[in-house]
Amino acid sequence: MEKVQEENDSERWERPEEITETEKGIIKETWERVYANCEDVGVSVLIRFFVNFPDAKQYFSQFKHMDDPLEMENSPQLRKHGRRVMNAINSVVENLGDPEKVTTVLGIVGKSHAVKHKVDPIYFKILTGVILEVIAEAFAKDFTPDIQLAWSKLRSYLLSQVQATYKEVGWKPHPSNSV
């Protein structure tokens, strides 16, 4: 049963549902509020990601040794990476009406993580889940089923684009990066 569920999940990530114009508006409006605190949200996302999934730190030489959330929060390198993550998502959200630009942004991110950093793509799925958790908590009263659906569709879209880039570059798991 779990195997079938995994296969269904895999197929779902490869074929995301189309994001409607209304949902694009919902995403942009929600994101605008999140992005207003770009650096702090980015740091919060990365700290939660690394605390809950410490194996992910193996890809970050500058802060892979950090276990204390306070130390992570004060790390200039982690803060810089948090801003980079948030800025990439911002580029996607700002260009939701231009699939070519979104594909370009996510292609650059995917290629860099696949080829240069050799990051297992499962971490994109995990990280985007953490991002949704943080958004849902920040807007707990306002995180309606419609907002949740819009963000879930965006997550699927992001993952499918990154997966496509990984396939395009012929990514193979690197033995030293296996989790």
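Everything that follows concerns the structure shown earlier in this document.
Residues numbered from 1 in each chain as written. Predicted model: local features only at pLDDT ≥ 70, side-chain atom pairs only at ≥ 80, totals over all residues. Heavy atoms only, no water.

Before going further, it helps to examine the overall build of the chain. Looking only at helices and strands, the chain features eight helices and zero strands. Going from N to C terminus, the chain has its helices and strands arranged as α-α-α-α-α-α-α-α. Within the chain, the fraction of its 179 residues that count as buried is 42%. Residue pairs at least 24 apart in sequence account for 76% of intrachain contacts in the chain once pairs closer than 6 positions are excluded. Of the accessible surface of the chain, which amounts to about 10,400 Å², a share of 52% is contributed by carbon and sulfur atoms. (Helix = DSSP H or I, 4+ residues; strand = E, 2+ residues; numbered from the N terminus. Buried < 20%, exposed > 50% of the residue type's maximum accessible area, 1.4 Å probe, protein only. Contact = heavy atoms within 4.5 Å. Areas by Shrake-Rupley, 256 points an atom, 1.4 Å probe, with all protein chains shown as cover.)

In this structure, V45 sits in helix α3 (residues 38-52). Once the C-alpha coordinates of V45 and V130 are considered, the two residues, 85 residues apart in sequence, prove to be 6.4 Å apart. Ignoring sequence-local partners within four residues, the contact set of V45 consists of L127, V130, I131 and V134.

This paragraph deals with helix α6 (residues 99-116). Taking 1.5 Å as the rise per residue, α6 with 18 residues should run 26 Å; its terminal C-alpha atoms sit 25 Å apart, in good agreement. Taken together, the buried positions of α6 are V102, L106, G107, G110, H113 and A114. Each buried residue of α6 lies within a common arc of 145° when the element is viewed along its axis, so the set occupies one face. Facing away from the buried side of α6 by over 90 degrees, the exposed positions are E100, I108 and K116. (Expected span 1.5 Å × (residues − 1). Arc of directions from axis to C-beta.)

The subject of this paragraph is the packing of α3 against helix α5 (residues 76-94). Contact geometry of α3 with α5 gives a least axis separation of 8 Å together with a crossing angle of 105°. Here α3 lies roughly perpendicular to α5, going by the angle between them. Facing α3, whose interface residues are C38, E39, D40, V41, G42, V43, L46, I47 and F50, α5 presents L78, R79, H81, G82, R83, M86 and N87. Class assignment for the residues of the contact of α3 with α5 results in eight nonpolar, four polar and four charged. (Axes fitted to C-alpha atoms, helices over the stretch in contact; angles between N-to-C directions. Parallel < 35°, antiparallel > 145°, perpendicular 65-115°, else oblique. Nonpolar A, V, L, I, M, F, W, Y, C, P; charged D, E, K, R; others polar.)

All right, on to the environment of F143 then. Within the element layout of this structure, F143 appears in the loop between α7 (122-138) and α8 (145-168). Under the relative-accessibility criterion, F143 is labelled buried at 16%. With 113 residues separating them along the chain, F143 and T30 place their C-alpha atoms 9.1 Å apart. Setting aside residues up to four positions removed in sequence, F143 forms contacts with I135, A136, Q148 and W151.

These results come straight from atomic positions and should not be treated as a statement about function.
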